[in-house]
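Here are the chains, one letter per residue:
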Amino acid sequence: MDKLLITGGKTLNGEVRISGAKNAALPILAATLLADTPSYISNVPDLRDITTMMNLLGEMGGNFTVDDEKIEANNSNIHDFTAPYEMVKTMRASVLVLGPLLARFGKAHVSLPGGCAIGARPVNLHTQALAAMGADIRVEGGYITAQAKRLHGTTLCMDLITVTGTENLMMAASLADGVTVIENAAREPEVVDLAKFLNRMGARIEGAGSSTIRIQGVDKLYGARHQVLPDRIETGTYLVAAAMTGGRVKVKNTDASLLDAVLLKLLEAGATISRGDDWIELDMQGRRPRAIDIYTAPYPAFPTDMQAQLTAMNAIADGVGMLTENIFENRFMHASELQRMGANIRLEGNTAIVKGVERLQAAPVMATDLRASAGLVLAGLVAEGDTLIDRLYHLDRGYERIEEKLTQLGAQIRRVSE
Ligand code: EPU
């Protein structure tokens, strides 16, 4: 199994190109199910989760052609409406096929994902809202079986802000009869990107990016072209890498306007930041970051997907930082691994209190989920000695060619097979 070997202590300098956003590409690929004519999606990152989504749609009868520029998705021949447990358990985002299958074919058979490393993560809000739109939903043998002749529009008020829930409902409502209003909708940029793609397919969605989304259902959708927006979490991860190593890094092909909450925290930590429309440059001028407090919450507040990276930064920062995790109940698995590297972290409920140390020491560590792995890579970049990160497959789900990009910036990092 592949592991990552990092020799810490190098200052990162240079430029890095950001990939398309995984969490936008996944719902967009699922949305191609809504039409029987081909869609062409560009800026899709080459990641394990993307391959899993294409395999899932492929088993249903979808046909995908991948070249250097784009993915052509052809779903004219869908004959199976099942998302099997074997796939859903490896990638929870598989549940994003529920809305499109139900809306276009009137049926879907989707495995319940079960718990995961960061929390229970139920999908009750997806199914309750689809039931309110007229679907007959049953849970049998670990599967959600959903049926509807045609979904009908209604006003939905979400109990909690859910990103993939909002996406599933937007897709389902696009082909429903009448108007659907989603109140307390997620405002994440990836929801906005999906709405843009759906509107290009012929949907009539207004308000994506605000907490009320209005969808006028249409009778048919058509394949469309779309370029996926840049990955704001990958962007933030490289900026934190620069800040932790005291370096200067320019991230390109990104969108600075999607990272306001993260950039404010990095400024607070002492970084100098300049930005243009599609680039951000962070210069730490060799300084040690100052500890910062963060409080995760839905967009536009600080993203939970950047919490582990900031925990790693606080581990070597000057002072004491408090990180409060409000989205997932078990998202501090990286804390005990960082402690093995010498970090001083105390967990109290959903808060990690981190007292920065001058230096971390390399140790063999184990990745537990995607963003926790990113936190461990960042710690490895500044630790004394060789850090070996096990269970690398988590990282490969969400960071395209990470060792290549970090090497380009001057890190000493390589993949090893054991
Ligand atoms: N929730 C419910 N019931 C539901 C849906 C959600 O109780 O039916 C709860 C969850 O348990 C959680 C909260 O609501 O406590 C918010 O979860 P949300 O549904 O927004 O998360 P998600 O849609 O499953 C997406 C991203 C995650 C990201 C979260 C939060 C994708 C494919 N995944 O997950 O990304 O952390 O939003 O921003 O878009 C990652 O990329 O590493 C990742 C985990």
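The structure presented is a predicted model; accordingly, all values stated were derived computationally and were not measured.

**Some thoughts on the UniProt feature "active site" (unreviewed entry) in the protein**
- Taken from the UniProt record, the annotation "active site" (unreviewed entry) applies to Cys116.
- When you line up the elements, Cys116 lands in the loop between strand E7 (107-111) and helix H5 (124-132).
- Apart from the residues lying within four places of it in its own chain, the contact partners of Cys116 are Arg92 and Arg121.

**Section: the site of the ligand**
- The immediate surroundings of the ligand are formed by 21 residues, with Leu125, Thr162, Thr164, Asp305 and Ile327 found nearest.
- Between the ligand and the protein, one listed contact pairs an oxygen atom with a side-chain N or O atom of Asn23 at 3.0 Å.
- Interatomic distance of 2.9 Å between a side-chain N/O atom of Arg121 and an oxygen atom of the ligand.
- In terms of residue count, H5 provides more of the shell around the ligand than any other element does, 3 residues in total.
- When its residues are assigned to classes, the shell around the ligand shows 10 nonpolar, 6 polar and 5 charged.
- Counting only domains with at least three residues in the shell around the ligand, you end up with domain 1 (2-19 + 230-417) and domain 2 (22-227).

**Comments concerning the pattern of salt bridges**
- On inspection of all chains with the given rule, the structure shows 23 salt bridges.
- With a closest N to O distance of 2.5 Å, Arg415 and Glu403 form a salt bridge. Pair noted here: Arg415 is in strand E24 (residues 412-417) and Glu403 is in helix H14 (residues 402-408), with a separation of 12 residues, a long-range link.
- Exposure remark for Arg415: the relative accessible area of 30% places this residue in the partly exposed category.
- Several salt bridges converge on common partners, so that one network encompasses Asp2, Asp396, Glu403 and Arg415.

**A word on the side chain of Ser19**
- By the element assignment, Ser19 lies in the loop between strand E2 (13-17) and helix H1 (22-31).
- Judged by its relative accessible area of 6%, Ser19 falls in the buried class.
- Among the polar contacts listed, one links the side chain of Ser19 to the side chain of Glu400, at a separation of 2.4 Å.
- A polar atom in the side chain of Ser19 sits 2.9 Å from the side chain of Lys405.

**Points about the packing of aromatic side chains**
- Inspection of every chain in the model, using the stated rule, returns 1 aromatic pair.
- The ring of Tyr40 is capped by Arg225, whose NZ or CZ atom sits 4.4 Å from the centre of that ring.
- In this structure, Lys250 packs its charged tip against the face of Trp279, placed 4.6 Å from the ring centre.

**Overview of the nonpolar core**
- Residues Met53, Val97, Leu151, Met170 and Leu198 are the most contacted members of the largest nonpolar core, which totals 78 residues.
- Element by element, the count of residues in this core is highest for H1, at 7 residues.
- Not counting the four nearest positions on each side in its chain, Leu151 is found in contact with Leu102, Ala103, Leu130, Met133, Ala135, Ala172, Ala176 and Asp177.

**Describing the sheet that holds strand E21 (residues 351-355)**
- The 4 strands lie next to each other as E18-E19-E21-E20, forming an open sheet whose pairing is mixed. Where the open sheet ends on each side, the last strands, each with one partner, are strand E18 (294-295) and strand E20 (344-348).
- In this structure, strand E19 (residues 320-324) lies alongside E21, joined through 5 bridges in antiparallel fashion. The residue bridging Gly321 from the neighbouring strand is Val354, located in E21.

**Observations regarding the sheet that holds strand E10 (residues 155-157)**
- Within the open sheet, the 4 strands sit side by side as E10-E11-E13-E12. Their pairing is mixed. The two strands at the open ends of the sheet, each matched to only one other strand, are E10 and strand E12 (204-206). Each neighbouring strand pair of the sheet contributes to a mean axis angle of 15 degrees, computed without reference to strand direction.
- As paired strands, strand E11 (residues 179-183) and strand E13 (residues 212-216) are joined by 5 bridges and run antiparallel to one another. Looking across to E13, one finds that Glu183 is bridged to Thr212.

**Some points on the packing of helix H6 (residues 163-174) against helix H7 (residues 189-200)**
- Contact pair H6 / H7: the axes reach a minimum separation of 10 Å and the direction vectors enclose 15 degrees. As judged from the angle between their axes, H6 and H7 are roughly parallel. The interaxial crossing formed by H6 with H7 has right-handed handedness. Taken together, the residues of H7 that come into contact with H6 (itself represented by Val163, Thr166, Glu167, Met170, Met171 and Ser174) are Glu190, Val191, Leu194, Ala195 and Leu198.

**A short note on the pairing of E7**
- Relative to E7, strand E6 (residues 82-83) runs parallel, the two sharing 2 bridges. From the neighbouring strand, Ala83 faces E7, where its bridge partner is Val110.
- Where E7 lies against strand E9 (residues 143-147), 5 bridges are found, and the strand directions are antiparallel. Paired with Ser111 across the strands is Tyr143, a residue of E9.

Reading guide: rules and limits
Residues numbered from 1 in each chain as written. Predicted model: local features only at pLDDT ≥ 70, side-chain atom pairs only at ≥ 80, totals over all residues. Heavy atoms only, no water. UniProt positions renumbered as here; feature names shortened; annotations may be inferred. Helix = DSSP H or I, 4+ residues; strand = E, 2+ residues; numbered from the N terminus. Contact = heavy atoms within 4.5 Å. Near = heavy atom within 4 Å. Polar contact = N/O pair within 3.5 Å; in protein donor to acceptor, adjacent residues only side chain to side chain. Nonpolar A, V, L, I, M, F, W, Y, C, P; charged D, E, K, R; others polar. Domains from an automatic or database assignment. Salt bridge = Lys/Arg side-chain N within 4 Å of Asp/Glu carboxyl O. Buried < 20%, exposed > 50% of the residue type's maximum accessible area, 1.4 Å probe, protein only. Phe/Tyr/Trp six-rings, centres within 6.5 Å; stacked < 30°, edge-to-face > 60°. Lys NZ or Arg CZ within 6 Å of the ring centre and 35° of its normal. Core = buried A, V, L, I, M, F, W, Y, C linked by side-chain atoms within 4.5 Å. Pairing = 2+ DSSP bridges. Axes fitted to C-alpha atoms, helices over the stretch in contact; angles between N-to-C directions. Parallel < 35°, antiparallel > 145°, perpendicular 65-115°, else oblique. Left-handed = near helix turned anticlockwise from the far one by under 90°.

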